[in-house]
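Chains, contacts and geometry: an overview
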Amino acid sequence: MPIQTDAVIVGAGPCGLFQVFELGLLGLRAHVVDALDQPGGQCTELYPDKPIYDIPALPVVSAQELIDRLMQQIKPFEPDFHLGQTVTSMERQDNGRFVVSTSAGTVFDAGAVIIAAGLGAFEPRRLRVAGVEAWEGRSIHYALRDPEVLGGKDVIILGGGDSALDWVNEIHARVNSLALVHRRPDYRAAPASVAKMKELTAAGKLRELHGMVTALLEEDGRFRGLKVKAADGAEESLMADQVYVFYGLSPNLGPIADWGLKLDKKQIPVDTEKFQTSEPGIYAVGDINTYPGKKKLILSGFHEAALAAFAVQQYLHPEKKVFLQYTTTSPIMHKRLGVDQPE
Ligand code: FAD
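Cut-offs used in this document
Counting restarts for each chain: residues are numbered from 1 in the order of the written sequence. Selection of residues for local features in this predicted model requires a pLDDT of at least 70, selection of side-chain atom pairs for listing and counting requires 80 or more, and totals for whole chains, interfaces and linings are taken over all residues. Only hydrogens and water are set aside; all other atoms, that is, all heavy atoms of the structure, feed into the side-chain values. We define a nonpolar core as any set of buried Ala, Val, Leu, Ile, Met, Phe, Trp, Tyr and Cys residues linked to one another through side-chain atoms lying within 4.5 Å. Whether a residue is buried, partly exposed or exposed follows from its accessible area with a 1.4 Å probe, protein chains only, as a fraction of its type maximum: under 20%, in between, or over 50%, in that order. Strands are runs of DSSP state E lasting at least 2 residues, helices are runs of H or I lasting at least 4, and numbering of each runs from the N terminus. Residue contacts follow a heavy-atom distance rule, with two residues in contact if any of their heavy atoms lie within 4.5 Å. Whether a residue is near a molecule or strand depends on its heavy atoms: it is near if one of them lies within 4 Å of it. Each polar contact in these results corresponds to two N or O atoms within 3.5 Å; when the atoms are within protein, one needs to be able to donate a hydrogen and the other to accept it, and residues that are neighboring in sequence are counted only if both atoms are side-chain atoms. The protein chains shown are the only cover counted for residues, whose accessible areas, like all others here, come from Shrake-Rupley with a 1.4 Å probe. The pocket and cavity definitions rest on a 1 Å grid over protein atoms only: a 1.4 Å probe that fits but cannot leave marks a cavity, an open set with protein on both sides within 12 Å along at least five of seven lines marks a pocket, and residues lining either have an atom within 4 Å of a point. The rule for placing a molecule in a cavity or pocket is simple: more than half of its atoms must lie within 2 Å of the grid points. When residues are sorted by character, Ala, Val, Leu, Ile, Met, Phe, Trp, Tyr, Cys and Pro go into the nonpolar class, Asp, Glu, Lys and Arg into the charged class, and all the rest, Gly among them, into the polar class. Note on definitions: salt bridges are taken to be side-chain nitrogens of Lys or Arg within 4 Å of carboxyl oxygens of Asp or Glu. Strands are treated as partners if at least two bridges between them are detected by DSSP. The axes used here are C-alpha line fits, helices contributing only the stretch in contact, and every angle between their N-to-C directions lies in the interval 0 to 180 degrees.

What follows is about the nonpolar core. By size, the foremost hydrophobic cluster in this structure holds 62 residues, and its most contacted members are L23 and I115. Among the elements that line this core, the one with the most residues is helix α6 (residues 298–316), at eight residues. Contact partners of L23, with chain neighbours within four places excluded, come to A7, I9, L28, A30, I114, A309 and V312.

Moving on: the environment of L297. Residue position: L297 is located in the loop between β20 (289–290) and α6. Taking the C-alpha atoms as reference points, L297 and S193, separated by 104 residues in sequence, lie 33 Å from one another. If near-sequence neighbours (up to four positions away) are discounted, L297 is found in contact with D54 and D287.

Here we come to the site of the ligand. Around the ligand, the structure places 32 residues, and the nearest of them are D34, Q42, Y47, V87 and D287. Between an oxygen atom of the ligand and a main-chain N or O atom of F122, the distance comes to 3.2 Å. Take I298: an N or O atom from its main chain is 2.8 Å from an oxygen atom of the ligand. Here the ligand loses 86% of its free accessible area of 1000 Å² to cover by the protein chains. Most atoms of the ligand, that is more than half of them, are within 2 Å of grid points of the second largest pocket. Of all elements in the fold, only α1 (14–25), β2 (30–34), α2 (41–46) and β9 (121–124) reach the threshold of two or more residues within the shell around the ligand. Its residues assigned to classes, the shell around the ligand comprises 18 nonpolar, ten polar and four charged.

The next thing to look at is the pattern of salt bridges. Taken as a whole and assessed by the stated rule, the structure comprises eleven salt bridges. Salt-bridge contacts for D186 lead to R184; the nearest nitrogen and oxygen are separated by 3.8 Å. Overall, R184 belongs to the partly exposed group, its relative accessible area being 31%.

The next point concerns the sheet that holds strand β14 (residues 222–230). To summarise the sheet geometry, strands pair through backbone hydrogen bonds and adopt either a parallel or an antiparallel arrangement. As summarised here, the arrangement of the seven strands in space is β10-β16-β11-β12-β13-β14-β15, forming an open sheet in which the pairing is mixed. Here the strands that pair on one side only, and so sit at the sheet edges, are β10 (140–141) and β15 (235–239). As paired strands, strand β11 (residues 154–158) and strand β12 (residues 177–182) are joined by five bridges and run parallel to one another. Residue pairing for β12: I156 is matched across the bridge by A179. Lying on the sheet, helix α4 (residues 162–171) is in contact with β11 and β12; it crosses β11 at an angle near 155°.

What follows is the structure, encoded as C-alpha cells:
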C-alpha cells in the first residue's frame, strides 16, 4: 500500500529539512527521501566541520551543527525519513495527487512534491575499468554494511579518504588478507586513521600500494582480483575475493531529468511567489531551483521553503483561507510545536 502523506520532500539537505518545519507549522505532514544514509546534504557530506558565518542569528555554526539544530527544530513535526534511497519516479494522478516511488520500492501517495535535491542525488564514484558492471554488487562494492561477511576473505580497499581508512582499520583482524590501493602516498583521511593504517602496514597486516587500477582479473568466470599499475609503471596482480571502492560521492541529477519538468541547465525554473515548477503541485527549493537573481545560499532556500509551504497549503486545500500567524503568539502553532502556551 502506498504511504499517504500531504507532501514528499526529495532531499534532506538544509533546505529539505527546513521545508519540513514550514509545512509542519501549517499543519502539513511530510515524508523526506534522501539518497544518502544520513540527513544534511552538502553540509554533512562535503564540509561538516567547516564554519558557516551567514546563517541569520548564528554568528558562526559548523555545517554539521546547523544540520543537528535543524533536526532538533523539526522534531515536533515527526517527519518520516527514508534514507539510502533515491526518488526514481513521480507521476500525477487524475485526482491531482502524485505517486512517488523510490529505488528501495517505497511508494507514496502524496498531495504535493517538493524537490529540495540540491545538485542531485549523491552517488558513489564508480571504479572505471573495463567489465566492472558484471561484478558490481557481487565482488565489487561501493558500501560496506556488514563486515562480518568478510571473515577469512582476501579483500582490497580502494581510496584514500576517511571511509577507506576507517574500514581498513576496522576489518584487518577478521580478513585473510587486506590490501589498500590509493593513487598517491598522501591520504585525505584524518591523521589518526592514517597513523593507525601505517602501523598495520609496518606490522605486515596490510599491503599498501600506490597506483591505479588498470584491469580486473578473472579466471573461468570467477572474479580473482585487480591489476594495479604503480607510478613507476610497474604492474602487479592483486588477488582478492572482494573489492570495496571508496572514491567518495558525486552528485547526479539522475532521474529528476525524467520527471517531465522544464529544466534550465540542470536546474528547475520556478516562480518566486510559490516556488512552483512547470507542473502544478510540484515545487522546488534550495540549490536545485533557478529564477532571476537566484543565489545558491542556505538562507535563500529557507525563505523559499516558507513560501512554498503556503503554496502547498493552497494547492491541497484551495477552499481554506490561510492567514499568516506568528509563532510567538499563535496558539495553534504552539500546539503543533508542542510548546507550552504563554500566559
Ligand atoms: P543539498 O545540500 O545539496 O542537499 C540535497 C540532497 O538531496 C542531497 O542529500 C541529495 O542526496 C538529495 N537528493 C537529490 N536528488 C535526490 C533523489 N532523486 N532522491 C533522493 N535524494 C536526492 N551556503 C551558505 O549559505 N553559506 C556558506 O557558508 C556555504 N558554504 C559552503 C561551503 C562548501 C564547501 C560548499 C560545497 C557549499 C557551501 N554552501 C554554503 C552552499 C550550501 O551548502 C548549499 O546552498 C546547500 O547545501 C543547499 O541545500 P539544499 O538542501 O538545497 O541541497
